[in-house]
Amino acid sequence: MSTITSSAGKVESVTVRRTEWSDAEEIDNLIRPAAVAVFGRLNVIHLLEKANLAVTLSTTKNEVLAHASFSDHPTEELVDQACWENLLQSHVNGEKFTPMNTLFLRLFVAQPGFSIGGAKEIVRTVFNAVVELEHICLLTSYRGSLEAGLEKIFEPLTPVMEEVQYSAYVCHRHSHCSRLYIRKARVEDHDDIMHIFAEQITPLAESHGPYFLSELIEVQDEENHAAVCESEGAVVGFVSVSGQLDLKLLNQCFDLGAFEGLRKTNSAHQQEPPEEPQPLEEDNHVTDAQESSETKEPVEGEVTAEEESGDEHTDISQPEYVESSIKDTMDTSEDSEPDGPPNAFCIQLFTVEKKFEMRSADFLPYLFKLFPDQDFCVISVPKLTPDFPLLQSFIRVAPRDTSIFPQELYLCHRWGLLRTLEVRVAVSSDIPAIQSLTESLSQRESISEDLDLFLQARKDPDGTALQAFVAQVEGRVIGLTIIRDEEDIEFIRANFDVERFMYFSHHQREEHGRLCHFLLNPVFQHHAKYIFKEVLRLAHKSCLYYLLHPPHYSHKNVSCHSLTTVLNFMVPVSPRRQIIYPLEELGINAPSQQITQQQAHFALYYTNRKLIMEPKVTINARIVVVGASDTGLAFLEALTFSPHLRFNNLTLISTHGLPDRCSDDNMRFLATSHCYSDQDQAQLSLRSWISVVTGKMKAIDREHKHVELMANGKVNYDYLILCTGLQYQMPSLTSIDVIDQTTSSLNPHQPRYRSTWPVPSNLFTLNDQHDCSNVHQWLMDNFVELTGDAVVYGNTIDVYTCVETLMRLGVSGHWIHVVHPPKDDPSSCFHDGSVDHAVKQALEKEEVQIHHDCLLKHLNDGQPTDPVTSVSFTTDGPTLRLECAVFFSFSCKAVDRDAFKAINDACLVFDGHLVVDTTFHTNDSSIYAAGPLTKYSRRYHADQWSDSCFNSKEVGQSLASVVLPLCDPTLERPAGPPSDQEHLIPLYSQAKIQGGRLPGGYNYLHVAKPTSKGHEPPSAQKGRDMVTGRTETGNYFHLHLSQHDVVESITCLSKNALPVSNLLCLYGKHQLLLNHLCSRYHEGLVHDLYSYFRENWCLALYHDRFADFEQEVRQIMDSAKLEGESGSVSIQEALQKIVDDKAESDQPTSLSEVFQKSEAYSALRKSVLDYLKYNRYHLTMYARPGLL
């Protein structure tokens, strides 16, 4: 926040921010004839869409005072965007304008009186934000004079040639945001530096002594230096550096192979460094006697915020705290890093005033001058330190899996400061240099093939245009980018929410490109965004996509060598829910095959000219999720799909890793919640963002903040998220001590005990896809082709899905025994008597033997032998003994015993389930939990409710909304734990979903409103039921509507495949929205709900943007005003008047007529037509005005 003064003396507090699409109307209103005379007539939305950087100056009331848009090329009316350098160089002599240091002003507007102040504030902010920027140019073919604000900051460029058809102006960095003056720190600077540290000096003094700063300044020698930066003679920053590093530990803990282990290698193999560029600013020189030569290297940086610990004007990172611990731990370690002398120095202490933090990188050229023989500068940063601008010039080094280093490591190579980086079209002479870059990559053959195709034909075998570009520094090739025209634009737009980041209609088809290959020398990784920007300009593209296929797919992805760089500078795009079209019924009205075609599933990443200039906020906090449940995956999805954030330390601990392996129909032993399918996993590609630790939690060390694993490893955390859910456990046996073994006395509540014997090889509890895959393989190897009984024990729906899968594998029904233990709840697991009856009939038809009210008593008659050959059950009659070749237990779900032990031993409150508050906190502020694992504290008096009552995916998203403010600086961090004054638990709106394949070849789906434990299901409550079809014919459909005629539950049992994603959209819809369903049903017009919901009229309801359309309609209706005798009233007021006055029956009709004459009716009609028009590629079956 800053202040500016208008020409009339009015003072305004203003904020400079990136322009949003919602600002377009206000900006358009600010365009006056004087602006048109300079910039021409412009479409503001189109300009904002194509600009590299758009900046708005707004007041505290979010009113736009001024706006400026910048691009990396002049208007194309003057010159082709790829060729502007020659034009500018021929126009003016002596200036070095390059794509790296130049932007072009494409529009500036301001409110009257704020032109001068607004222009200065915007330009100063832009120079601060884009550290490479040295010049802002304004080229115009119009002859209008600049307005006052621009005249103050732009100076005309004198043309070299007389007949020039345009005017050129330039604004230089040094006039508005000069670089900081760096010099050696002196003792007399002590008080100024102490003032910068402010409140942060207390912890530093406590750990290093009260005079540590004086000592740092006084003990400077060849290996230890201290420097300050000045602005207008005042000290505004301080840095301390040392040439002493423990490279042995760093190489043990970090993957430094690409950087030669930070050691100098054999000089015979070293590359000659490129020549250093001339200094950018004459003012920025080194006055130290020790560094008498001029600084010849420019600096690098970016926009973010540094660590804050109380004082808003002071920033600090303290990597020196780590150095002593490094030395202490390395005495007995083995030398594993490359040989050779050290080639790096480290930053020990760094701070700069908040006002100047964007210029932090001005220190770097000076620091490299202090160590002329070292190529790397390194800095280690605490995990919880917020991202700060200096780090934008550094490269994060990936830690090894076995790292014991408690901080993040960043490094900067002196070549990374060079400003001579340029991007150009690849030529044949680049092949040897490119081969040397790719010689160690697995994708080298694919890269070579595509490069040859470009050099020979400029297109790939299917005729799609190819383009290849190289990045070079001082003539040396350091990177390669190969792109192709994107031909599947319609498919991408229809299947991914790419329009979240752009206005699709403002991008021509030929402006879309697909990234095929990208490789870059690691020391230049922080310049990847500039390379992307240049590739888009030179290729005449505005959008760039990258398709990442899952590991099991044979498609060639970008080499892992550069994949991290690619993903860091692109944003993940969320997949869209797709309509399942009845293509045969639609005929020619169906969407194009480009949209409906089936393609191999992939994850999509995207960038454009605007996104490239938007830096991501780096989050290094270690967030560890235990359990790959639906809740845990939804939590991780919410974090990774935050486009402005980059999480470096997301870890998932799961017994069987990430459930992203491809499965087939013969492995569907378990019911599904329809939260994450194989397609969802491929389109999300969570594996690209998280570290997956395959293992099981053994213990939680709350003091040292780490999770111990069964395999003796440990995972450190800053925030621990427990989402283990509930699992089927090894079956408990009836206590022998309290049972007469010759008779039976069935009591489901009698004592039970867990067998301590090893788990038999043919006894299975299935909890995830991995278990199902393993049991499928075991059955194929040991059971299907042999004879023997299969015993399936339990009362859940998984019993029936398991039986159906066994029969599909070829197991005859008479070899299968279904054994039901007694249960407290008499209701069926299907929540529908007709479904229950149909399944029982199917089991009888297949001769499956069913046994009711049986408690497991013995395995192998009590003998600890493997495998299980017999099982015994306690019943109301004689003991039931069954021969057994394979045993499946689905008796009950509970908290995993190992998870319980870890939770209990860590002294987390456990009361049957892990106890949490309404914001998912446990009794440890760093540990959160959600999902069926948890229950609410008893102080809420809500034992009947828990997370297990709700949709697990929605719960995971809610958990993410609680954790994100702890990491995201754009969100307000909670001041403290919730007050719980009202002791209200959160309630969720999404439906609970259950589905699966049942005996008889039925496909089953049940969607219901969340209900508390022991509460009647929706179908048993007030409302009305609609049923079509019969279970016998395999077309049973049951809808339950609430007393307000809203769909509360859906039950489907069909022999045909179910359009699940379509049917889920019906939940929560009013019957009027379903084409007056109630009246049609009672009039006998609806004979088959499956056919009814396949009709053309309802396909719009299944669209993923229909919910947004509903919200827009609500807003129109809420704001609608009706004209009546008593003046203008809202619809709610008019309805209330009718009720209060007990009006005559014809008044509602009159109300309808009045509404049709109102402005709201026209707005409503326009909203419907806009919805159909904007989504016409999906909704081709709807007629639109002018179509007929």
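Counting starts from 1 at the beginning of each chain's written sequence and moves along it residue by residue. Totals for whole chains, interfaces and linings use all residues, but because this is a predicted model, local features are given only for residues with pLDDT of at least 70 and pairs of side-chain atoms are given and counted only at 80 or more. Based on all heavy atoms of the structure, the side-chain values leave hydrogens and waters out of the count.

- The name an unreviewed UniProt entry gives the protein chain is Cilia- and flagella-associated protein 61 N-terminal domain-containing protein, with Culter alburnus as the organism.

As for the overall build of the protein chain
Piece 1. Secondary structure elements follow DSSP: runs of H or I of four or more residues count as helices, runs of E of two or more count as strands, with numbering from the N terminus. On a plain count of helices and strands, the protein chain comes out with 34 helices and 54 strands.
Piece 2. Buried, partly exposed and exposed residues are distinguished by accessible area as a fraction of the type maximum, computed with a 1.4 Å probe on protein chains only: under 20%, between the cut-offs, and over 50%, respectively. Out of the 1188 residues in the protein chain, the part that is buried amounts to 55%.
Piece 3. Sequence-distant contacts in the protein chain: of pairs separated by 6 or more residues, those separated by 24 or more amount to 74%.
Piece 4. Only the protein chains shown count as covering a residue, and every accessible area follows the Shrake-Rupley method with a 1.4 Å probe. As presented, the protein chain carries roughly 52,500 Å² of accessible surface, and 48% of it is formed by carbon and sulfur atoms. By definition in these notes, contact holds between two residues if any of their heavy atoms fall within 4.5 Å.

Some remarks on the nonpolar core
Piece 1. Here, nonpolar core refers to any group of buried Ala, Val, Leu, Ile, Met, Phe, Trp, Tyr and Cys residues whose side-chain atoms link them within 4.5 Å. Of all hydrophobic cores here, the largest spans 115 residues; its most connected members are Leu262, Phe635, Ile700 and Leu722.
Piece 2. Considering every element that reaches this core, the biggest residue donor is helix H27 (residues 952-967), with 8 residues.
Piece 3. Setting aside residues no more than four positions away along its own chain, leucine 722 makes contact with Val626, Met697, Ile700, Ile903, Leu908, Leu914, Ile927, Tyr928, Ala929, Ala930 and Leu933.
Piece 4. With 52 residues, the next largest nonpolar core counts Ile993, Met1026, Tyr1102 and Phe1106 among its residues.

A few points about the pattern of salt bridges
Piece 1. A carboxyl oxygen of Asp or Glu within 4 Å of a side-chain nitrogen of Lys or Arg is what we treat as a salt bridge. One pass over the full model with this rule turns up 45 salt bridges.
Piece 2. The residue glutamate 490 makes a salt bridge to arginine 509 at a minimum N-O spacing of 2.6 Å. Of this pair, glutamate 490 sits in helix H15 (residues 489-495) while arginine 509 sits in the loop between H15 and strand E20 (512-520), and the two are 19 residues apart along the sequence.
Piece 3. Looking at glutamate 490, the relative accessible area reads 24%, which means it is partly exposed.
Piece 4. Its salt-bridge partner being glutamate 499, residue arginine 493 comes within 3.1 Å of it at the nearest N-O pair.
Piece 5. Each of Glu134, Arg173, Arg179, Asp362 and Arg419 takes part in salt bridges that share partners, so that together they form one network.

Here we look at the pairing of strand E21 (residues 543-548)
Piece 1. Among the 6 residues in E21, 6 count as buried, and that is most of the element.
Piece 2. Only strands that DSSP links by at least two bridges are regarded as paired with each other. Note that E20 and E21 share 3 bridges and pair parallel. In the sheet register, glycine 513 faces E21, and the bridge partner there is leucine 544.
Piece 3. Handedness of a crossover is defined as follows: with both strands directed away from the viewer, a clockwise route from the first strand across the helix to the second makes it right-handed. You can see the chain leave E20, run along helix H16 (residues 528-538) and come back into E21, and the turn it takes is right-handed.

Remarks on the sheet that holds strand E48 (residues 992-998)
Piece 1. Across the sheet, 5 strands lie side by side as E48-E49-E52-E51-E50; this open sheet has antiparallel pairing. The open sheet terminates on both sides in strands that have one partner only, identified here as E48 and strand E50 (1024-1028). Pairwise comparison of adjacent strand axes, ignoring direction, gives a mean angle of 10° for this sheet.
Piece 2. As defined by bridge partners, E48 adjoins strand E49 (residues 1002-1008) across 7 bridges and the pair is classed as antiparallel. Along E49, the bridge assignment pairs isoleucine 993 with valine 1007.
Piece 3. Helix axes are fitted to C-alpha atoms over the stretch in contact, other axes to C-alpha atoms as well, and angles between N-to-C directions run from 0 to 180 degrees. Packing of helix H24 (residues 797-808) onto the sheet brings it into contact with E48 and E49, and relative to E48 it is tilted by some 30°.
Piece 4. Contacts from helix H25 (residues 833-845) reach E48, E49, strand E51 (1035-1041) and strand E52 (1047-1054) within the one sheet, and its direction differs from that of E52 by about 15°.

Considering the pairing of strand E14 (residues 376-382)
Piece 1. With 6 of 7 residues buried, E14 is to be regarded as a mostly interior element.
Piece 2. Note: strand E13 (residues 344-353) against E14, 3 bridges, orientation parallel. Bridge pairing in E14 places alanine 344 opposite phenylalanine 376.
Piece 3. Taken together, E13, helix H12 (residues 363-370) and E14 constitute a β-α-β crossover, and its handedness is right-handed.

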